Amino acid sequence: MSAAELKHTSHSSSSEAATSELRPPFRNNVGSTVWMLAKREWIRFFRQRNRVVAAVGQPIFFWLLFGTGLHSAFRSGGQDFMTYYLPGTFALIVLFTAIFTTISVIEDRKEGFLQNVLVAPVPRWTIALGKILGGGAIAFVQALAFVALTLATGNLGFSPALLGIVAALAIASLALTALGFMFAWPMDSTQGFHAVMSLVLLPMWLLSGAFFPIPPPTAGSGVGQVAMHWLMRCNPMSYLVSCLRHMMLSPSSGGLASNSEVANYWLPSLTVSWLVSIVFLVVTFVGAWMIVLRPAKGDLK
Amino acid sequence: MWQPRVHAPVTNATSGREGHSAVGETTCDVIADHLAHYFPQQTYRSNEVTLSTTLPALVASSIRYRYDASHALDGLDLSVASGDIFALLGPNGSGKTTLFRLISTLAMIQEGEISVFGHSVRKQRAAVRSLLGVVFQNPSLDPKLTVEENIRCQAALYGISGQDLRKRIQAVSEQLGLEERLATPTEKLSGGLKRRAELAKGILHQPKLLLLDEPSTGLDPASRLDLWHAIQQLRTESGVTVLLTTHLLEEADKADRIAILDRGAVVAEGPPAELRASLGNQVLSIRSTNMNAVIAWLEEHSVPCQKLSDQILVSIPNAMDIVAPLSKQMGDLIQSITLGQPSLEDVFIAKTGHRFWKYDASVSA
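The terminal C-alpha atoms of helix 6 (residues 191-203) of chain B, which comprises 13 residues, lie 19 Å apart, in line with the 18 Å expected from a rise of 1.5 Å per residue. Buried residues dominate helix 6 of chain B, accounting for 11 of its 13 residues.

Moving on, we get to a nonpolar patch on the surface. Residue and element names in this part refer to chain A. A grouping of Ile 278, Val 282, Val 286, Trp 289 and Met 290 is seen on the molecular surface, where their side chains present a nonpolar patch of about 450 Å² in accessible area. In this structure, Val 286 sits in helix 11 (residues 270-293). Of the residues examined, Val 286 reaches a relative accessible area of 40% and is grouped as partly exposed.

What follows deals with helix 11 of chain A. Residues and elements named next belong to chain A. With 24 residues, helix 11 should cover 34 Å at 1.5 Å per step; its first-to-last C-alpha distance of 35 Å lies within 8% of that length. Along helix 11, the residues classified as buried are Ser 273, Ser 277, Phe 280, Leu 281, Thr 284, Gly 287, Ala 288, Ile 291, Val 292 and Leu 293. Lining the buried residues of helix 11 we find helix 6 (125-153), helix 7 (161-184), helix 8 (190-206) and helix 10 (236-249).

Another point: the packing of helix 4 (residues 81-111) of chain A against helix 8 of chain A. Residues and elements named next belong to chain A. Relative to each other, helix 4 and helix 8 sit at 160 degrees, their axes nearing to 11 Å. On the basis of the axis angle, helix 4 is roughly antiparallel to helix 8. For the pair helix 4 and helix 8, the sense of crossing is right-handed. From helix 4, Tyr 85, Gly 88, Ala 91, Leu 92, Leu 95, Phe 96, Ile 99, Thr 102, Ile 103 and Ile 106 reach across to helix 8, where they touch Thr 190, Phe 193, His 194, Met 197, Leu 201, Leu 202 and Trp 205. The class makeup of the residues in the contact of helix 4 with helix 8 is 13 nonpolar, four polar and no charged.

Attention now moves to unusual backbone geometry. Residues and elements named next belong to chain B. Phi at Phe 117 is positive, roughly 50 degrees, even though this residue is not glycine. The residue Phe 117 is located in the loop between strand 5 (111-116) and strand 6 (119-120) in this model. Under the relative-accessibility criterion, Phe 117 is labelled buried at 2%. For Arg 263, which is not a glycine, the phi torsion comes out positive at approximately 50 degrees. Mapped onto the elements, Arg 263 comes out in the loop between strand 10 (257-262) and strand 11 (265-270).

Another aspect to go through is the packing of aromatic side chains. All names here are of chain A. The tally for this structure, following the rule as stated, stands at 10 aromatic pairs over all chains. Taking 5.7 Å as the distance between ring centres and 25 degrees as the angle between the ring planes, the aromatic pair formed by Trp 42 and Phe 46 counts as stacked. Note that Trp 42 and Phe 46 are positioned in helix 2 (residues 29-47) at a spacing of four residues, about one turn of the helix. Centroid distance Phe 96 to Phe 100: 6.3 Å. Interplanar angle 35 degrees. Geometry classified as tilted. With Phe 96 and Phe 100 both in helix 4, this residue pair falls four residues apart, about one helical turn. Pairwise contacts between aromatic rings join Trp 42, Phe 45 and Phe 46 into one cluster. In this arrangement the basic side chain of Arg 40 is found over the ring face of Phe 113, its NZ or CZ atom lying 3.6 Å from the centre.

All names here are of chain B. Reading across from one edge, 7-8-9-4-10-11 is the order of the six strands in this open sheet, with mixed pairing throughout. Two strands in the sheet have a free side with no partner beyond their single neighbour: strand 7 (132-135) and strand 11. For this sheet, the mean inter-axis angle between neighbouring strands, taken without regard to orientation, is 15 degrees. As paired elements, strand 4 (residues 85-89) and strand 9 (residues 241-246) share five bridges and run parallel to each other.

It is worth spelling out the nonpolar core at this point. One broad rule of soluble globular proteins: the nonpolar side chains tend to lie buried together. Residues Leu 78, Ile 114, Val 116 and Leu 199 of chain B are the most contacted members of the largest nonpolar core, which totals 153 residues. Of all the elements, helix 4 of chain A adds the most residues to this core, at 17 residues. Core analysis: the next-biggest nonpolar cluster, separate from the first, contains 17 residues, Val 294, Trp 297, Ile 316 and Ile 322 of chain B among them.

Residue and element names in this part refer to chain B. The strand order across the open sheet built from four strands is 13-14-12-15, with neighbouring strands paired in antiparallel fashion. What marks the edges here is a single partner per strand, and that holds for strand 13 (306-307) and strand 15 (334-340). For strand 13 and strand 14 (residues 312-314), the ladder comprises two bridges, and the chain directions are antiparallel. Bridge pairing in strand 14 links Lys 307 to Ile 312. Of the strands in this sheet, strand 12 (283-288), strand 13, strand 14 and strand 15 are in contact with helix 10 (residues 291-300), which crosses strand 14 at around 20 degrees.

Here we take up the confidence of the model for chain B. The share of residues in chain B with pLDDT of 70 or more is 82%, and the mean pLDDT across the chain is 78. Note that residues 1-53 of chain B has pLDDT below 50 and, in this model, 147 contacts with residues that lie over four places away or in other chains.

Procedures and definitions
Residues numbered from 1 in each chain as written. Chains lettered and ligands numbered in written order. Predicted model: local features only at pLDDT ≥ 70, side-chain atom pairs only at ≥ 80, totals over all residues. Heavy atoms only, no water. Helix = DSSP H or I, 4+ residues; strand = E, 2+ residues; numbered from the N terminus. Expected span 1.5 Å × (residues − 1). Buried < 20%, exposed > 50% of the residue type's maximum accessible area, 1.4 Å probe, protein only. Patch = residues over 30% accessible without salt bridge, like charges linked within 9 Å, V, L, I, M, F, W, Y side chains within 5 Å. Areas by Shrake-Rupley, 256 points an atom, 1.4 Å probe, with all protein chains shown as cover. Salt bridge = Lys/Arg side-chain N within 4 Å of Asp/Glu carboxyl O. Contact = heavy atoms within 4.5 Å. Axes fitted to C-alpha atoms, helices over the stretch in contact; angles between N-to-C directions. Parallel < 35°, antiparallel > 145°, perpendicular 65-115°, else oblique. Left-handed = near helix turned anticlockwise from the far one by under 90°. Nonpolar A, V, L, I, M, F, W, Y, C, P; charged D, E, K, R; others polar. Phe/Tyr/Trp six-rings, centres within 6.5 Å; stacked < 30°, edge-to-face > 60°. Lys NZ or Arg CZ within 6 Å of the ring centre and 35° of its normal. Pairing = 2+ DSSP bridges. Core = buried A, V, L, I, M, F, W, Y, C linked by side-chain atoms within 4.5 Å. pLDDT = per-residue confidence, 0-100.

Here you go:
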C-alpha cells in the first residue's frame, strides 16, 4: 500500500470512506454469537448427565410426592391437589431449569469463557440474548416434555387451550431465564446465587398460587392474610401460574375442573394474566439488557 | 483469506458506546499527539494525517490506573513495534495484568491513552477488539466442549463460518499440532495442549496483535519450550505482533524486546542483550560476614555497588579486576565472590534498587 493510499483527509466523503474501512471486518457476528451462546447451553446441558436426569425426574417426583401426599389435606371446591398442583409443577420445571442455566453465567465467568466473549468485537447484549434464548429453550422443551407426559396420563386433554398453554410456557421460560440472568450477571460466586435462589426465586414460586391458593381478603381477614394476599398479588409469577391454571382448568382443555371450583380463592382473569406475563417478559428482557452493559466485578478476574 | 487491515485514524470525533461499533469516530488530535510523542520526525495533523505502513502495533502513553487507594499503573509509557515479540517483565503486582486488561478493553482507561495500530482503545473499542487476539492467563476453554467446538465458538464471535472456517480450523490446528486433538474434550487435554488450544482460538481470526498473559503459567519446562516454538513460528509465518506478560526471566529473554515493569512504570526497555550489556560484561556477587565493611572498601576505591539483603552486587566493566585486591584486603570477611554475565534480574536490580521478588531488600549505592 502506497503512502498516498494511506492519506486521509477530514473531508466528509473521504472520512466516510475511511470510517467504513475502519469498521471491524467481521460480518454477521452478532447473529452467530447469539446462536453460538444459545447452542452451547444445549450442548453443555446434554453433556452433564446429572442435569438431564434431575431435569426430567425432579418435577415428576415433586408432582407425585406433593400431589398424592397432600391430597387428603387439600380442600378447594372438590378439586384434588394433583390437579390443583399441575400448573405449579409446570412453573417449578421452568423456574428450576432457568435457575440452573443462568448459573452457567457465573461458571462461564469463573472458567474464563466469558472474558473471551467480552474482548471480542460483539455488543454485550448478545451475551444476554444468547444465554436467555439458550437457557429459555431448555426450560421450554423440558416443560413440553412434561406436557406430553400429562397428556399421556390423561391429566391434560387435547384441546385448543393446549396452544395457549404452550405459549404461556414459552413466555414463562424466557422471562424466568432473563430474571435469573439479571441476578447471576453481577455475581462472582455460585454460593451467592444460591442465596438469591433461596431468598427470592423459590419464595416467588411458593407465593404464586402454585402450591396453595392466594387467600382472598375479606372483612374478617387479619393483617397477615391481607399482607399475604397483596404479596402474592404483586408477584408476577402469580400471573404466569394463573395463565396456566385458567387454560388447564378450562372445560375445553379436557374438563379437569370447572371455573366454579376456583371461586374460593383469588385468581386474576385470563386477560390480566396474559398482559402481566407479557409485561413481565419485556421488563426482564430490558433488565437483562441493561445489566449486561454494566461491568461486573468478576470481569477482571 | 481475510487479513486484518491497518488504517490511518480518521478525523470525525463522536462518542462510542461499549459493545457497539464505535469505530471511525476518532480523535486525530489525541492520536496525532500520541504518535508525535514517539515519532517526532514525522508530522501528524488532525485534518490531514499521513502515516507510513510501519505504524507501531501499540503505543501507551502516561497510563495511570488506580484500584481504590493503590496505583497499579503510574505514568506508564510504552511502544511496541509491528512484528515484534515483546515481553512485559515484572514481578507480581508490577502492573502487567492491569496493562493487559486495559489493552484488551476489559478495563476502562482512567488516565492516559493507548492505541493499537493507530486506533484508540478508549474510543474505538470495537475496531481495537477486531485487531486483537487475546489469550488469558486463566484458561478460557469450555471444558465440556471439544477442541474444535471451542474453536468454533471463537469463530462465531468473529462471524467466521462455512468453508472459510473449515480452512482456518485446518490451518491453525496444523500450525499448532492439534490435528489429532480436534475431537478431544478440552477437559481431557494436558496443560501444554490446552495452552495450544487457547492459542489456536487466539489466532483464528488472524489478529494483528496477539496478547498473551503469562502464557507459560502452569506448564512444565518441555511444554514451555513447545509453546515458545509455536509463538515464534506464528510470528514468522503470520507476521503477528506478540505482546506477552511474564514474571519468568528466562521467558522474557526469548523476546525481541522487553520492558521491565516495576510498581506500575517501565524502568527499562530494549532488546534483552542490550539491557544486559548496559551493565557491563561482568557482574560480581559478593557475600560477606560484614557487608558494611566491604561496601566501605568498595566506596573507598570508587567502585559503585548495590547492597541487597544477603549480598553486594558490583556491575561495572572489567569487574574481575577488583577480585584480587578485594580478596587480599578483605579476605577474612568474604564468604564468596561469584563472577558472571549480567542477567535480566541484575538489570532489574540495577534499575529498581531491589530484587525481582523482594521489595523489602533496599539498596545502598
